[in-house]
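Working through the structure, step by step
Take a look at the letters that make up each chain.
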Amino acid sequence: MSQRYRTTLRDRSTLLGAATADYSTPPSSGRSSPYPGGTLGNGVSREIPFQPLGQRYADDLEGQNDELLEGLTAKVKVLKDITIGIGNEVRDSTIQLSQMNDAFAETSGILAGTFRRMNNMATRQGCRWLWYIVFLVIVFWFFIIVWWFRR
């Protein structure tokens, strides 16, 4: 094959009959290539095709912006859903903690009354209640031991 049939991107402007002033390369964003600096990783640079500065380049940029905007909108929606979920969880946890606080306050009141009545009973009866408790503990242990050996 001869050289005149092989066209490169640099010869395209002469092939189409347009002046080279109408074509330029778009600014490098670093996103079009997986290799930094426009190289292929082994030091060999690759050719970046020329883009016209007209409506097509603007449409491409607008399309990219729209895609990125949709991606950001989706991410913002996900973050909003997460924060709403966190807010709901915090609200529910606060309600549950206040209910638990009320229940513990009621329980502490009941226990305080029970211990107060027990101390009043103990002071009125002397040490007789202590012997009743010791007797009940011994009977309880006797039943536990009998049950254990019968198994």
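Note that the coordinates shown come from a computational prediction; the quantities given were computed from them, not determined experimentally.

Cut-offs applied
- Residues numbered from 1 in each chain as written.
- Predicted model: local features only at pLDDT ≥ 70, side-chain atom pairs only at ≥ 80, totals over all residues.
- Heavy atoms only, no water.
- Helix = DSSP H or I, 4+ residues; strand = E, 2+ residues; numbered from the N terminus.
- Buried < 20%, exposed > 50% of the residue type's maximum accessible area, 1.4 Å probe, protein only.
- Contact = heavy atoms within 4.5 Å.
- Areas by Shrake-Rupley, 256 points an atom, 1.4 Å probe, with all protein chains shown as cover.
- Phe/Tyr/Trp six-rings, centres within 6.5 Å; stacked < 30°, edge-to-face > 60°.
- Patch = residues over 30% accessible without salt bridge, like charges linked within 9 Å, V, L, I, M, F, W, Y side chains within 5 Å.
- Salt bridge = Lys/Arg side-chain N within 4 Å of Asp/Glu carboxyl O.
- Lys, Arg positive; Asp, Glu negative; His and termini not counted.
- Charge placed at Lys NZ, Arg CZ, Asp CG, Glu CD.
- pLDDT = per-residue confidence, 0-100.
- Expected span 1.5 Å × (residues − 1).

A few points about the overall build of the protein chain
- Tallying secondary structure elements over the protein chain gives three helices and two strands in all.
- Every one of the 151 residues in the protein chain was classed for burial, and the buried ones make up 4%.
- In the protein chain, the proportion of contacts linking residues at least 24 apart, taken out of those at least 6 apart, comes to 51%.
- By element, 63% of the accessible surface of the protein chain is carried by carbon and sulfur atoms, the whole surface being about 13900 Å².

Observations regarding the packing of aromatic side chains
- This model, assessed by the stated rule, comprises three aromatic pairs.
- Between the aromatic rings of Phe140 and Trp141, the centroid separation amounts to 6.3 Å while the plane-to-plane angle is 70 degrees, which identifies the pairing as edge-to-face. Each member of the pair Phe140 and Trp141 is classed as exposed.

Looking at a negative patch on the surface
- Residues Asp59, Asp60, Glu62, Asp66, Glu67 and Glu70 make up a contiguous surface patch of negative charge.
- One can find Asp60 in helix 2 (residues 55-125).

Side note on a nonpolar patch on the surface
- Among the surface-exposed residues, Ile133, Val137, Phe140, Trp141, Ile144, Ile145, Trp147, Trp148 and Phe149 lie close enough to one another that they form a single nonpolar patch of about 1000 Å² accessible area.
- Structurally, Trp147 can be placed in helix 3 (residues 128-150).
- With a relative accessible area of 52%, Trp147 lands in the exposed category.

Brief notes about the environment of Trp129
- Within the secondary structure, Trp129 sits in helix 3.
- C-alpha of Trp129 to C-alpha of Met118: the two residues are 11 residues apart in sequence and 9.9 Å apart in space.
- Other than its neighbours up to four places away in sequence, Trp129 contacts Met121 and Ala122.

Brief notes about the confidence of the model for the protein chain
- Residues with a pLDDT of 70 or more make up 64% of the protein chain, whose mean pLDDT is 76.
- Counted against residues more than four places away or in other chains, residues 1-9, with its pLDDT under 50, gives three contacts.

Description of the pattern of salt bridges
- Taken as a whole and judged by the stated rule, the model has one salt bridge.
- In this structure, Asp81 engages Lys77 in a salt bridge whose closest nitrogen and oxygen atoms are separated by 3.5 Å. Taken together, the positions of Asp81 and Lys77, both in helix 2 and four residues apart, correspond to about one turn of that helix.

As for helix 2
- Here helix 2 is 71 residues long and its end C-alpha atoms lie 103 Å apart, about the 105 Å a rise of 1.5 Å per residue gives.
- With its phi angle positive at about 80 degrees, Gly126 sits one or two positions after the end of helix 2.

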